[in-house]
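# Coordinate inspection notes
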Amino acid sequence: MKRALTKKYDFGELKKEPIDESSIPKAIKGKMKYVGIELEKGSGNYVQIDHSRIYQFVSEYLRSLGVIVTSTTEAYEKFTWAKEYFWKALRVNQDFYTSLTHSYWRHGYFIYVPPNVKVTQPIQACFFVASKGVAQPVHNVVIVDEGGELNLVTGCATMSNEGLHVGVSEFYVKRKAKLTFTMIHGWAPEFEVRPRTSVIVEEGGTYVSYYVNLYPVSHLDMCPTTYLHKLAKGYMTSILLGKKRSFMDIGSRIEFLGRDSRGEIVSRSIVRDQARVIMRGHLIGRAEKTRGHLECRSLLLSQRASVTTIPQLESYVEGSELTHEAAIGRISEDQLYYLMAKGFTEEEAVSLIVRGFIEVGLVHLPPQVRASLRGVLRIVEKLARG
Amino acid sequence: MSYSSGEVILTSKALLRVRDLWVKVENTLVLKGVNLTIGEGEVHTLLGPNASGKSSLLMTIMGVPKFKVIKGEILYGGVNITKLPPHERAKMGIALAFQNPPRVNVKLRHLINRLKAMYPQDKFTVNYLNVRYLFDRELYHGFSGGEAKKVELYVTMLQSPKLALLDEPDSGIDVESLMSIANFINKFIESGMSMLIVTHLGSVLKQLNKIDVAHVMFGGRIIYSSKSPLSLLKLIYESGYSGLVKLVGDSIEEGLN
């Protein structure tokens, strides 16, 4: 199976090398900060370096409430009830990369929040590739039980210029539970990244996801899917920075399975250099009285880059209201002149506009998470200017 | 007394001097030799039919790059600003309230905070003109006509300008908004700000506490100036702009050839 890959990667072995926080090198911690991960700030942490070096931590307080933060391999072994949650939201043979992860599983995070427990100070998870040419196929499972709440902040970074990361993630948001999930990607120009995510939101639950891509990648394709049951809500925001020679095919999908569910997908991209970006949005209505909206906007800032937006609305039932808007353009001259007339230099005006363009979706996130994301957005703004 | 051009000499010091200004936008000549002088603390108004060059004149004084000066000059406070970029003119104290501001990808609150940090905030805080409820919206996205006018006027005055260029602050709004806008402008007139106000049908003029000079633009130039703005307005209402043009007569015919 590995032979089907375009490059030769090092898959290592499945073993666990637990490490503690102090043994994580400063250089790695520095890169982690760029993608929003500061270990002192997490109420729980999961850090995985390459295949097997894993640092996991959960605060005394959360542990006493029954919150679990560990690796999926450990959870699968220790908790029989956990097995129910593996490969249920996604199929093993969904595509080549899900099958690959099933065969070459190298850990991933497992997080469980018991009923009615609220984890407000975020739990953090970070995947880091430190060695050259590593393949990091991970399987992540998150369960927020009935009435529970979890803020999960994740970041991915690397010290190696090349590698492969496949993240198969299954999130289960049970009745009236809430999960906010942020993911900041800071990979590298020769990296291949293939996330495969499925989220099931049960009756009355809420799922909010916020994704930012910061650095150039060789190839990144993903289309996380959220399944909404009755009265459930889903908000998916993506902020993409396409630079250098990146190829990115990034989508979001919401499937309305239960009546009275609501969902919104917002994607904004800034594309320059020779990057090629495909932005997909897909809404599927299968129940009555459902409402979904999809917005895809892109600022294309160079002659040799390209952007394709593919908004898709599908409905199988009367009474599912689905709408979309998509736009690709430059920063309009009129906007620039207006701001310059107010006293801003052209550079300042561009900054203001870029900043305004990427500041979406924050309203759905709790204040603690919003604050750290503002720092990430400042980085996006700086990098967007070339 | 009336004059046939914008050169009305009042007793105060000249703040703005526009001399024989010819301006092109793309390939169209929009200003054909405009002369105008505004003294410190004076309020001038610009009347005229559509496409007579009123907005173009304001945009050119502000320095919006689309408007290319092909002849003539603009002096502000004695300094030749004809080649200065707009942000430098703004820093010198000129501010423009756009007639049709574009949608901008910036939250209104964010723009306000930046402006407050960039310009000295005056002794009295600028009245919000009841637009606070719009602060978290993206600027001009889905604003009604009245909302856009008030917001634009508000952000312009946050610049604490010495010379305020107001492009039709009174078009497309209801009577109540007109009153609050007029009161808002009057406060600044009281404080001694110089202004050049383009008005739509003169609605706001009757509410302003002071208007020193009214100019009429036609075909890209100022054809008539008067120190009795309200009588001029009455004349225009009665005979239309064509009536006024007939009155000014020969000088126009010459200019157009």
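Everything numeric here is computed off the predicted structure, so don't read it as measured data.

Moving on, we come to the overall build of chain A. For chain A, the count of helices and strands is seven helices and 21 strands. For 386 residues, the compact-globule estimate of 2.2 N^0.38 gives 21 Å, and the C-alpha radius of gyration of chain A, at 20 Å, lies within 12% of that figure. Out of the 386 residues in chain A, the part that is buried amounts to 60%. A sequence separation of at least 24 residues applies to 84% of the contacts in chain A between residues at least 6 apart.

Turning to the overall build of chain B, a few remarks are in order. Each helix and strand counted, chain B has seven helices and eleven strands in total. Relative to its full complement of 257 residues, chain B shows a buried share of 54%. A separation threshold of at least 6 residues defines the contact pool for chain B, and within that pool the share at least 24 residues apart is 71%. Carbon and sulfur atoms provide 51% of the accessible area of chain B, an area that totals close to 11,400 Å².

Residue and element names in this part refer to chain A. Contact pair helix α6 (residues 346-358) / helix α7 (residues 367-384): the axes reach a minimum separation of 10 Å and the direction vectors enclose 130 degrees. For the element pair α6 / α7, the angle class is oblique. The way α6 lies across α7 gives a crossing that is right-handed. In this structure, α6 contributes Ser 351, Val 354, Arg 355 and Ile 358 to the contact, and α7 contributes Arg 374, Leu 377, Arg 378, Val 380, Glu 381 and Ala 384. Here the contact of α6 with α7 is built from residues that sort into five nonpolar, one polar and four charged.

The extent of an interface is frequently quoted as the accessible surface area lost upon association of the parts. On the chain B side, the residues contacting the 19 residues of chain A number 30 residues. In this assembly, chain A packs against chain B so that about 2,100 Å² is buried in total across both faces, 63% of it on carbon and sulfur atoms. Counting the contacts that link chain A with chain B gives one salt bridge. Of the charged contacts, one joins Glu 152 of chain B and Lys 342 of chain A as a salt bridge, the two residues approaching to 3.0 Å between their closest N and O atoms. Contributions of two or more residues to the side of chain A that touches chain B are made by α5 (333-341) and α6 of chain A. Counting residues per element, the side of chain A that touches chain B draws most heavily on α5 of chain A, at seven residues. When its residues are assigned to classes, the side of chain A that touches chain B shows nine nonpolar, four polar and six charged.

On to the sheet that holds strand β2 (residues 14-25) of chain B. Strands in a sheet are paired, the pairing made by backbone hydrogen bonds, and the direction either parallel or antiparallel. Residue and element names in this part refer to chain B. Taken in spatial order, the four strands line up as β3-β2-β5-β6 in an open sheet, and their pairing is antiparallel. Every interior strand has two partners, whereas the edge strands, β3 (28-39) and β6 (79-80), have only one. Direction of pairing for strand β5 (residues 67-76) relative to β6: antiparallel, over a ladder of two bridges. Paired with Tyr 76 across the strands is Val 79, a residue of β6.

This part is about the sheet that holds strand β6 (residues 118-129) of chain A. All names here are of chain A. In spatial order, the strands read β1-β3-β2-β6-β8-β10-β12-β15-β17-β19-β21; together these eleven strands make up an open sheet with mixed pairing. What marks the edges here is a single partner per strand, and that holds for β1 (17-18) and β21 (320-329). Across nine bridges, the pairing between β6 and strand β8 (residues 149-158) is parallel. For Gln 124, the partnering residue across the bridge sits in β8 and is Val 153. Together, β12 (206-213), β15 (233-242), β17 (262-271) and β19 (290-300) form the strand contacts of α6, whose direction differs from that of β17 by roughly 150 degrees.

On to the pairing of strand β10 (residues 178-186) of chain A, then. Consecutive residues of a regular strand have side chains that alternate between opposite faces of the sheet. Residues and elements named next belong to chain A. Counting buried positions over the nine residues of β10 gives eight, a clear majority of the element. Direction of pairing for β10 relative to β12: parallel, over a ladder of eight bridges. Bridge assignment links Thr 182 to a residue of β12, and that residue is Tyr 210.

All names here are of chain A. Inspection of every chain in the model, using the stated rule, returns zero disulfides over all chains. With no disulfide of its own, Cys 156 lies 6.7 Å from the sulfur of Cys 126, the closest cysteine sulfur. Residue class for Cys 156 comes out buried when judged on its relative accessible area of 3%. Considering cysteine sulfurs only, Cys 223 is the nearest to Cys 296, which forms no disulfide, with 11 Å between them.

Our focus in this paragraph is the nonpolar core. The biggest cluster of nonpolar side chains holds 97 residues, and the ones touching the most others in it are Leu 339 of chain A together with Leu 57, Val 151, Val 155 and Leu 165 of chain B. Contact partners of Val 155 of chain B, with chain neighbours within four places excluded, come to Tyr 338 and Lys 342 of chain A together with Leu 108, Leu 111, Ile 112 and Leu 115 of chain B.

We now examine the pattern of salt bridges. All names here are of chain A. Taken as a whole, this structure holds 32 salt bridges over all chains when the rule is applied. Residue Asp 260 is joined to Arg 259 by a salt bridge in which the shortest nitrogen-to-oxygen separation is 3.5 Å. For Asp 260, a relative accessible area of 24% puts it in the partly exposed group. Residue Arg 259 is classed as partly exposed on the basis of its relative accessible area, which comes to 35%.

For the rest of this paragraph, the subject is the environment of Cys 296 of chain A. All names here are of chain A. Relative to the helices and strands, Cys 296 is located in strand β19. On the basis of relative accessibility, which here comes to 0%, the residue Cys 296 falls in the buried class. Along the primary structure Cys 296 and Thr 309 are separated by 13 residues, whereas in three dimensions their C-alpha atoms are 6.9 Å apart.

This next bit is on α7 of chain A. Residues three or four positions apart in an α-helix share a direction because the helix packs 3.6 residues into each turn. If you check α7 of chain A, its first and last C-alpha atoms are 25 Å apart, about what 18 residues at 1.5 Å a residue would give, namely 26 Å. Residues of α7 of chain A that are buried include every one of Val 369, Leu 373, Val 376, Leu 377, Val 380, Glu 381 and Ala 384 of chain A, and no others.

By secondary structure assignment, the location of Lys 150 of chain B is in helix α4 (residues 145-157). Those residues in contact with Lys 150 of chain B that lie beyond four places of it in its chain are Leu 129, Val 131, Ser 177 and Ile 181 of chain B.

Procedures and definitions
Residues numbered from 1 in each chain as written. Chains lettered and ligands numbered in written order. Predicted model: local features only at pLDDT ≥ 70, side-chain atom pairs only at ≥ 80, totals over all residues. Heavy atoms only, no water. Helix = DSSP H or I, 4+ residues; strand = E, 2+ residues; numbered from the N terminus. Rg over C-alpha atoms; globule rule 2.2 N^0.38 Å. Buried < 20%, exposed > 50% of the residue type's maximum accessible area, 1.4 Å probe, protein only. Contact = heavy atoms within 4.5 Å. Areas by Shrake-Rupley, 256 points an atom, 1.4 Å probe, with all protein chains shown as cover. Axes fitted to C-alpha atoms, helices over the stretch in contact; angles between N-to-C directions. Parallel < 35°, antiparallel > 145°, perpendicular 65-115°, else oblique. Left-handed = near helix turned anticlockwise from the far one by under 90°. Nonpolar A, V, L, I, M, F, W, Y, C, P; charged D, E, K, R; others polar. Buried area = accessible area lost by both parts, 1.4 Å probe. Salt bridge = Lys/Arg side-chain N within 4 Å of Asp/Glu carboxyl O. Pairing = 2+ DSSP bridges. Disulfide = S-S within 2.5 Å. Core = buried A, V, L, I, M, F, W, Y, C linked by side-chain atoms within 4.5 Å. Expected span 1.5 Å × (residues − 1).

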